[in-house]
Amino acid sequence: QVQLVESGGGLVPPGGSLGLSCAASGSTFSIDVMRWYRQAPGKQREFVATISTSGGSTNYANSVQGRFTISRDNAKNTVYLQMSSLKPEDTAVYYCSVLLGNGRQYWGQGTQVTVSS
């Protein structure tokens, strides 16, 4: 099993920046892809960004392309999401997720990001 703990959420004004972290523990040796998702009030959870095992390949949702950056530190079993040029529509609960080599997926508890003046 893998446990995930997100941190770094909060309130930020439009145009501001914020960084999220997600630390994994447990069976971290089997972690493959790491991802971020988000869920806004009244909406379905949506994909935000993904990063490959080595960190050499990333992919983003169109809505965040060019504004968000996903990265990972395998030595610390941590994935990051650096968000800039934030918009009110980025307001959501952000979740990290990991895929293991056996195909199992684990989720964090989520961290709230609110973009408002």
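Residues numbered from 1 in each chain as written. Predicted model: local features only at pLDDT ≥ 70, side-chain atom pairs only at ≥ 80, totals over all residues. Heavy atoms only, no water.

Undergrad: Teacher, can you tell me more about the pattern of salt bridges here?
TA: In a structure, side chains of opposite charge can pair up when their charged atoms sit close to one another. On inspection of all chains with the given rule, the structure shows three salt bridges. Where Arg38 meets Glu46, a salt bridge forms, and the shortest distance between an N and an O atom there is 2.6 Å. The class for Arg38 is buried, based on a relative accessible area of 5%. By relative accessible area, which is 35% here, Glu46 ends up partly exposed. Where Arg67 meets Asp90, a salt bridge forms, and the shortest distance between an N and an O atom there is 2.7 Å. Of the two residues, Arg67 sits in the loop between strand 6 (58-60) and strand 7 (68-73) while Asp90 sits in the loop between strand 8 (78-83) and strand 9 (92-100), which places them 23 residues apart along the sequence. Here the two residues Arg67 and Asp90 agree in accessibility, since each one is buried. Here the residues in one salt-bridge network are Arg38, Glu46, Arg67 and Asp90, joined through shared partners. (Salt bridge = Lys/Arg side-chain N within 4 Å of Asp/Glu carboxyl O. Buried < 20%, exposed > 50% of the residue type's maximum accessible area, 1.4 Å probe, protein only. Helix = DSSP H or I, 4+ residues; strand = E, 2+ residues; numbered from the N terminus.)

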